[in-house]
Amino acid sequence: MTTNEKFGFVALIGEPNVGKSSILNNFLDKKISIVSHKVQTTRFRLNGIIQVKSSQMAFIDTPGICDARTLKERSYNKVAWRSIHDANIVALVIDAKKGITDSTRLIAKRLKLNIVEHTNIIIVLNKIDLVDKERILQITSNIYDEFGNFDTFFVSARKGIGFDDFREWLASSIPDGKWFYKSDQLSDMPLEKIMAELTREKIFLRLHDELPYDLEVETVDLKKANNTYVIHQEIYVTRESQKGIVLGKNGRVIKEISIKARHEIENFLDQKVHLFLKVKLKK
Ligand SMILES: Nc1nc2c(ncn2[C@@H]2O[C@H](COP(=O)(O)OP(=O)(O)OP(=O)(O)O)[C@@H](O)[C@H]2O)c(=O)[nH]1
Ligand SMILES: [Mg+2]
């Protein structure tokens, strides 16, 4: 270890849809965590890793914490709360358009109660592209009044605003320590899983509320030959009738999804991709 090597986990937590995954993707400069207007798009903990000079940071993206009604929602919430125990810095993300909601108040309260010593809580106000300066000042003052004097950062993940200073601040605020990951490692999630997630995003965006949330995508085969990836993925639905929704008339829907997913995966890999999708019933 060189004398000034630093390493830290930075957990992004908050209610659903505030832009946690979008923030992670901005830091990485690559989309590894999927984004949608639906709540609880993210379903598991996902680490994205970056290096800034001698600092290595692992961002933990987490499912949005909500007032859980189902077993699944409760399990997503648990994943999010568990991640704070590994974090050196916990970033509570707030949507500037929505302001401080009751859900955010509950999360902040529980966060303060559960935080372990030496963990730093910070606030990230995202989506500042949607509001004017006055609104930002007003929310900031509300944050100080309600939560206390935490370091607060103002960003727009959609427009890529506010990340330079924020990145530098994080890099100097994490503790001294040996890098945990290899310097070229982008994520702890396997390539196959990232690609399956990118396809899941396109299905999510294309089919809106027509499909239940528990649809799954798996990369079943991945080969590289002559600078081209050949990828086979299976989409698992839970009922026979859902197959038709995903396929569409004459396979139109799956074709659209496949084109969009292929583009996204090509962007991610910087390589040409042949993508084959199959819809199957989950047994
Ligand atoms: N205008 C604007 N929209 C944003 C910004 N950041 C994210 N969004 C949008 O907000 C929605 C939710 O973004 P996500 O990154 O999926 O939010 P999340 O907090 O990870 O959501 P969950 O995984 O469901 O908890 C998407 O439609 C994004 O495009 C931003 O800075 N400005
Ligand atoms: Mg997310």
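Residues numbered from 1 in each chain as written. Chains lettered and ligands numbered in written order. Predicted model: local features only at pLDDT ≥ 70, side-chain atom pairs only at ≥ 80, totals over all residues.

Caption draft 1: Highlighting the overall build of the chain. Across its full length, the chain carries eight helices and nine strands. On C-alpha atoms alone, the chain measures out to a radius of gyration of 20 Å, which is about the 19 Å that the 2.2 N^0.38 rule sets for 283 residues. Overall, the C-alpha framework of the chain stretches about 60 × 45 × 35 Å when taken along its three principal axes. Split into buried and exposed, the 283 residues of the chain put 36% on the buried side. Considering only contacts within the chain whose residues lie at least 6 apart along the sequence, 71% involve residues at least 24 apart. (Helix = DSSP H or I, 4+ residues; strand = E, 2+ residues; numbered from the N terminus. Rg over C-alpha atoms; globule rule 2.2 N^0.38 Å. Buried ≥ 20, exposed ≤ 12 C-beta atoms within 10 Å, placed from the backbone. Contact = placed C-beta atoms within 7 Å.)

Caption draft 2: The arrangement of the pairing of strand 8 (residues 228-237) in detail. Alignment of strand 7 (residues 216-225) against strand 8, held across nine bridges, turns out to be antiparallel. Bridge assignment links Leu222 to a residue of strand 8, and that residue is Ile231. If you look at the hairpin formed by strand 7 and strand 8, you'll find two residues sitting between the two strands, and Asn226 has a positive phi there, around 50°. Relative to strand 9 (residues 272-281), strand 8 runs parallel, the two being bridged by 10 bridges. Bridged to Tyr229 within strand 9 is Val273. (Pairing = 2+ DSSP bridges.)

Caption draft 3: Focus on the domain arrangement of the chain. We note that the domain assignment places domain 1 (6-173) and domain 2 (191-281) within the chain. Just the C-alpha atoms count here: the centres of domain 1 and domain 2 sit 28 Å apart. On the domain 2 side, the residues contacting the eight residues of domain 1 number nine residues. Here the residues of the side of domain 1 that touches domain 2 sort into three nonpolar, two polar and three charged. (Domains from an automatic or database assignment. Nonpolar A, V, L, I, M, F, W, Y, C, P; charged D, E, K, R; others polar.)

Caption draft 4: Just the site of ligand 1, in detail. The environment of ligand 1 is made up of 23 residues, and the closest members are Gly19, Ser21, Thr42, Gly64 and Arg158. Broken down by element, the shell around ligand 1 gets its largest block of residues, three residues, from helix 1 (residues 20-28). Looking at the shell around ligand 1 residue by residue, the classes come out as seven nonpolar, 12 polar and four charged. (Near = placed C-beta within 6 Å.)

Caption draft 5: Structural view of the nonpolar core. Counting 42 residues, the largest nonpolar core has Val10, Ala11, Ile13, Val90 and Leu92 as its most contacted members. Among the elements of the structure, strand 1 (6-13), helix 1, strand 3 (55-61), helix 2 (71-83), strand 4 (89-95), helix 3 (102-114), strand 5 (120-126) and helix 4 (133-147) are those that each provide at least two residues to this core. Apart from the residues within four sequence positions on either side, Ile13 is in contact with Thr62, Ile65, Ala80, Ile84, Val90, Leu92, Val93 and Ile107. Counting 19 residues, the second largest nonpolar core, distinct from the first, contains Val35, Leu198, Val217 and Ile235. (Core = buried A, V, L, I, M, F, W, Y, C linked by C-beta atoms within 7 Å.)

Caption draft 6: Spotlight on unusual backbone geometry. Within the chain, Gln40 stands out as a residue other than glycine whose phi angle is a positive 55°. Mapped onto the fold, Gln40 is located in the loop between helix 1 and strand 2 (46-52).

Caption draft 7: Broad picture of helix 2. The end-to-end C-alpha distance of helix 2 is 19 Å, a good match for the 18 Å that 13 residues give at a rise of 1.5 Å each. Tyr76, Ala80 and Ser83 are the residues of helix 2 that are buried. One side of helix 2 holds all its buried residues, which, seen down the axis, span an arc of 65°. Facing away from the buried surface of helix 2 by more than 90 degrees, the exposed residues are Leu71 and Arg74. (Expected span 1.5 Å × (residues − 1). Arc of directions from axis to C-beta.)

Caption draft 8: Structural detail: the sheet that holds strand 9. If you walk across this open sheet you meet the three strands as 7-8-9, and the pairing is mixed. The outermost strands of the open sheet, each flanked by one partner alone, are strand 7 and strand 9. Recorded for the sheet is a direction-independent mean angle of 15° between the axes of neighbouring strands. Along the sheet, helix 6 (residues 191-207) makes contact with strand 7 and strand 8, crossing strand 7 at roughly 125°. (Axes fitted to C-alpha atoms, helices over the stretch in contact; angles between N-to-C directions.)

Caption draft 9: The arrangement of the sheet that holds strand 5 in detail. With respect to topology, six strands assemble into an open sheet ordered 2-3-1-4-5-6, the strand pairing being mixed. Of all strands in the sheet, those with a lone pairing partner are strand 2 and strand 6 (152-154), marking the two edges. Averaged over neighbouring strand pairs, the angle between their axes works out to 25° when direction is ignored. The pairing of strand 5 with strand 6 spans three bridges and is parallel. Residue Ile123 lies in a different strand from strand 6, and its bridge partner there is Thr152.

Caption draft 10: Layout of the environment of Ser183. With respect to the element layout, Ser183 can be found in the loop between helix 5 (163-173) and helix 6. The exposure class of Ser183 is exposed, given the 8 C-beta atoms found within 10 Å.

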